[in-house]
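# Structural description and commentary
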Amino acid sequence: MSFSDSETSSHEYKTFRQISRDLTISEFITILCFEKGEDKSAEGLLFEMLQDSKSADSKSSWRVLIMDKVTVKVMSHSCKMADITDQGISLVEDLFRRREPLPTMEAVYFIQPSKENIVMFLSDMSGREPLYKNSHVPKDLLTRIKNDASVVPRIGALREMNLEYFAIDSQAFITDHERALEELFGDNAADCRKFDACLNVMASRIATVFASLKEFPYVRYKAAKELDSASDNNSRALVPAKLAAAIWNHITTYKSSIPNFPQTETCEFLIVDRSVDQIAPVIHEWTYDAMCHDLLELDGNKYIHEVPSKTGGDPEKKEVILEDHDPVWLELRHAHIAEASERLHEKMTNFTAKNKAAQLQQRDANELSTRDLQKMVQALPQYNEQMEKLSIHVQIAGKLNKIIRDVGLRELGQLEQDLVFGDAGTKEVIHFLRSHQNASCENKLRLLMIYGCVYPEKFEGDKALKLMQLAKLSRADMKTVKNMKLLEASSDSRKSSNGGFSLKFDSAKTKHAERQDRTGEEETWALFRFYPKIEELIEKLNKRELPKDEYQCMNISPTPSNRAPTNANSGAPQRPSGKTGQPHSMRSRRTATWARTRNSDDGTSSDSVLKCVSTDFRKMGQRIFVFIIGGATRSELRVCHKLTAKLRREVVLGTTSIDDPPQYITKLKLMSEKELSMEDINV
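Since the structure is predicted, the reported quantities are computational estimates derived from the model, not experimental observations. (Residues numbered from 1 in each chain as written. Predicted model: local features only at pLDDT ≥ 70, side-chain atom pairs only at ≥ 80, totals over all residues. Heavy atoms only, no water.)

### Thoughts on the pairing of strand S13 (residues 621-629)
- With 8 of 9 residues buried, S13 is to be regarded as a mostly interior element.
- When strand S9 (residues 267-273) meets S13, the two strands line up parallel, connected through 6 bridges. Within S13, the position partnered with Phe269 by the bridge is Phe625.
- In this structure, S13 lies alongside strand S14 (residues 649-655), joined through 6 bridges in parallel fashion. Across the sheet, residue Phe627 finds its bridge partner in S14, namely Gly654.
- Tracing the backbone out of S13, into helix H22 (residues 634-647) and back to the parallel element S14 gives a crossover that is right-handed. (Buried < 20%, exposed > 50% of the residue type's maximum accessible area, 1.4 Å probe, protein only. Helix = DSSP H or I, 4+ residues; strand = E, 2+ residues; numbered from the N terminus. Pairing = 2+ DSSP bridges. Right-handed = clockwise from strand over helix to strand, strands pointing away.)

### Things to note about a positive patch on the surface
- Together, Arg475, Lys479, Lys482 and Lys485 line one region of the surface with positive charge.
- Its relative accessible area of 45% is what places Lys485 among the partly exposed residues. (Patch = residues over 30% accessible without salt bridge, like charges linked within 9 Å, V, L, I, M, F, W, Y side chains within 5 Å. Areas by Shrake-Rupley, 256 points an atom, 1.4 Å probe, with all protein chains shown as cover. Salt bridge = Lys/Arg side-chain N within 4 Å of Asp/Glu carboxyl O. Lys, Arg positive; Asp, Glu negative; His and termini not counted. Charge placed at Lys NZ, Arg CZ, Asp CG, Glu CD.)

### A closer look at the sheet that holds S14
- Strands sit in the order S6-S7-S14-S13-S9-S8-S12 across an open sheet of 7 strands; the sheet is mixed. At either margin of the open sheet sits one strand with a lone partner, and together these are strand S6 (166-169) and strand S12 (551-553). For this sheet the average axis-to-axis angle between neighbouring strands, irrespective of direction, equals 25°.
- Packed on one face of the sheet, helix H21 (residues 533-543) meets strand S8 (217-222), S9, S12, S13 and S14 and runs near 145° to S13.
- Packed onto the sheet, H22 meets S6, strand S7 (172-174), S13 and S14 and runs at close to 165° relative to S14. (Axes fitted to C-alpha atoms, helices over the stretch in contact; angles between N-to-C directions. Contact = heavy atoms within 4.5 Å.)

### A look at unusual backbone geometry
- Its identity as a non-glycine residue notwithstanding, Lys214 has a phi of 55°, on the positive side.
- In this fold, Lys214 is placed in the loop between helix H8 (192-213) and S8.

### Quick notes on the sheet that holds strand S3 (residues 106-110)
- If you walk across this open sheet you meet the 3 strands as S2-S1-S3, and the pairing is parallel. Bordering the open sheet on either side are strand S2 (89-94) and S3, each of which pairs with just one other strand. The sheet shows a mean angle of 25° between the axes of neighbouring strands, taken without regard to direction.
- Pairing of strand S1 (residues 63-67) with S2 involves 5 bridges; the strand directions are parallel. Bridge pairing in S2 places Leu65 opposite Val92.
- The sheet contacts of helix H3 (residues 69-78) involve S1 and S3, and relative to S1 the element is tilted by about 115°.

### Points about the environment of Arg220
- Assignment of secondary structure puts Arg220 in strand S8.
- Note on Arg220: relative accessible area 3%, which makes it buried.
- Each C-alpha atom of the pair Arg220 and Leu546 lies 9.8 Å from the other, and the pair is 326 residues apart in sequence.

### Observations concerning the nonpolar core
- Judged by nonpolar contacts, the single largest core of 145 residues is most densely connected at Leu184, Leu243 and Leu448.
- The biggest single contributor to this core is H8, with 11 residues.
- In this structure Leu448 touches Val429, Leu433, Phe459, Leu467, Ala471, Leu473 and Met478, once residues within four positions along its chain are discounted.
- Ile66, Leu95, Ile111 and Phe121 belong to the second-largest nonpolar core, a separate cluster that totals 11 residues. (Core = buried A, V, L, I, M, F, W, Y, C linked by side-chain atoms within 4.5 Å.)

### Thoughts on the side chain of His177
- Take His177: it is sitting in the loop between S7 and helix H7 (180-185).
- Engagement of the side chain of His177 in a polar contact is seen with the side chain of Thr175, the distance being 2.9 Å.
- Residues within four places of His177 in sequence aside, it is in contact with Cys198, Val201, Met202, Arg205, Thr656 and Ser657. (Polar contact = N/O pair within 3.5 Å; in protein donor to acceptor, adjacent residues only side chain to side chain.)

### Re H3
- Within H3, the full set of buried residues consists of Val70, Thr71, Val74, Met75 and Ser78. Seen along its axis, H3 keeps its buried residues to an arc of 130°; they face one direction. (Arc of directions from axis to C-beta.)

### Notes on the side chain of Glu650
- Looking at the secondary structure, you find Glu650 in strand S14.
- We classify Glu650 as buried; its relative accessible area is 1%.
- Polar side-chain contacts of Glu650 include one of 2.9 Å to the side chain of Arg623.

### Considering the pattern of salt bridges
- Summed over all chains, the structure comprises 32 salt bridges.
- Measuring nitrogen to oxygen at the nearest pair gives 4.0 Å for the salt bridge that ties Asp289 to Arg634. Pair noted here: Asp289 is in helix H11 (residues 288-295) and Arg634 is in helix H22, with a separation of 345 residues, a long-range link.

### Points about the packing of aromatic side chains
- All chains considered together, the criterion is met by 11 aromatic pairs.
- Ring centres of Phe421 and Tyr531 lie 6.1 Å apart, and the angle between their planes is 50°; on these two criteria the pair is classed as tilted. Of this pair, Phe421 sits in the loop between helix H16 (409-420) and helix H17 (426-435) while Tyr531 is found in the loop between helix H20 (475-483) and H21, placing the two residues 110 residues apart along the sequence.
- Taking the relative accessible area as the measure of exposure, Phe421 reaches 2% and is therefore buried.
- One aromatic cluster is present, built from ring pairs that chain together Phe216, Trp248, Tyr254 and Phe261. (Phe/Tyr/Trp six-rings, centres within 6.5 Å; stacked < 30°, edge-to-face > 60°.)

### What about the pairing of S1?
- Among the 5 residues that make up S1, 5 are buried, leaving the element largely enclosed by the rest of the structure.
- The side-chain alternation of S1 yields two buried faces, one formed by Arg63, Leu65 and Met67 and the other by Val64 and Ile66.
- One ladder, built from 5 bridges, connects S1 with S3; its direction is parallel. If you follow Leu65 over to S3, its bridge partner there is Val108.

### A short note on the confidence of the model for the chain
- Across the chain, the average pLDDT comes to 75, with 66% of residues at 70 or higher.
- Within the chain, S9 carries the highest mean pLDDT (97), whereas helix H2 (residues 42-51) carries the lowest (31).
- Low pLDDT (under 50) marks residues 559-581, which in the prediction has 40 contacts with non-local residues, meaning those over four places away or in another chain.
- Low confidence marks residues 588-617, where pLDDT is under 50. Its contacts with residues over four positions away, or in another chain, come to 89 contacts. (pLDDT = per-residue confidence, 0-100.)

### Details of the packing of H17 against helix H18 (residues 441-454)
- Relative to each other, H17 and H18 sit at 170°, their axes nearing to 12 Å. Between H17 and H18, the angle is such that the two are roughly antiparallel. Where H17 approaches H18, its residues Thr426, Val429, Phe432 and Leu433 are matched on the opposing element by Lys444, Leu447, Leu448 and Tyr451. (Parallel < 35°, antiparallel > 145°, perpendicular 65-115°, else oblique.)

### Quick word on the environment of Ile403
- Within the secondary structure, Ile403 sits in helix H15 (residues 370-407).
- Placed 108 residues apart in sequence, Ile403 and Leu295 show a C-alpha to C-alpha distance of 7.6 Å.

Below you can see the structure in the form of structure tokens.
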């Protein structure tokens, strides 16, 4: 909505994902009003919809919605089917499938402005009898449409939507580039056609985020190190810079083409690639969310479990979606698995103690009066529903804890974190590999990948072969470790300093740590020591302490005469410390709903640590956007939620895809495999 933060103070805050949903729905309302001859802006219509979600004639006539494969994903990530039907959509169709003619029904086309899509649209509309009545399409390739005299009278309205990203979380989106690692950093990255196509589409989709939110960002990117003119790694090292330039071109166009688009910077935007942290995608993360996706065979966010059959036969399979609509999941997903298990036990105990149906069930049936039975029957449906939701999470947590015990994951997890923080080395890794011959190949491979990040010199020459033989891994597995070097072209990670023999006269043992412990943060739970490097980068960005030579800014002309600002480490001009007069986004105020107290299924207030966050988040600072090329992890998503409360600035994570460890390892293998698909390689 086109209201300032102060103007929206009386309205409920909307998250990044909710804004995407409302924008999508408001466009449908706008299209319908254009058809009726009403001249209203999308923002005004959205406001009216929020005040009165169902107008008197909102369902006076039903319509058909036609989408292509990309817009189907955009819609599914932003809206539920109920949201669409509430706007008078009775049928959703695929543009490229044979469809039954419905000439009496109106249609809304939500499609990309591509040549093949326009051809299909013209095919629908041309001829004596169109497939549908009046139809609505994106505003592009208009010349081709205008040339067909039979089509133009059948178009009710044209509307361009800047919604080409996929909102997967209240504070995260993806561009849906599953093969970004392969196409931008792989052996065949020199293929200019695939390389450029991938970057251009990625830039276009990211830019629509800022167009939708009406945010004008400071665009920073991870700069390449010294380039070697004879090296093939230059293209890989320049990926963040090229993406930043492409996004900047889109944003400068928005400044003059989108009404009410800010003319001064309103947020921060940092672009990095996967080389910034190669440990985060493979280390065992111990939060409830990460362990569910790492250890359980989930289909996306879908968990399938067995329930007793009502007829007494074989157990029935039931699907559960683990997403934001589940308050228990929302509360526990970023908690340590041990903490989540404890909370679930407490919730189950409190629920059975407070629910009337549960209390009456524990009494002797002969002692129940007619009034007691009536209360029990009334409370039973709600009791069954809430008990089922809690039971599912209790079952999941129990299954995770069993896997942890059976696999011996605590010992492995401790070694992984000790390696990262310099408390373990080669001796401990070799001891583990020798004493755990039955460990899964995936776990041994992940351990060696972490070991390779901390001790890259241990994989030089024939050392890698000896490690492979000790771990009993295949050459294909070890190639995964070697492929990590393809990302090193743009990495600022520490290079090996042990290339030659050197004498050391100090007897003190120096830590060979990949990262340092966080100061001021107490480790409440075991194995909760690890943190992604993106956390440090965001905090430095918030303090304007990002090194200017490592993270350059598109908003500042890179001329030799350009002097650094007062803060020598800042990559952007200094902004006033007060809030008065600061530029801000034209959409929504900043009170992250995930940080507000909410009720869980047991009827009690959430006991999450986030409950302790001050509730005066009426206005937060400028948003921070971070985009990771090559995939992001669930630990990095958790960090964005955590820092939103800590910094009082909404942190939005963008990436090409959200990858769990098995997926990421598969993608690393593909970086050097030719003519293979992701289905051909299994971890």
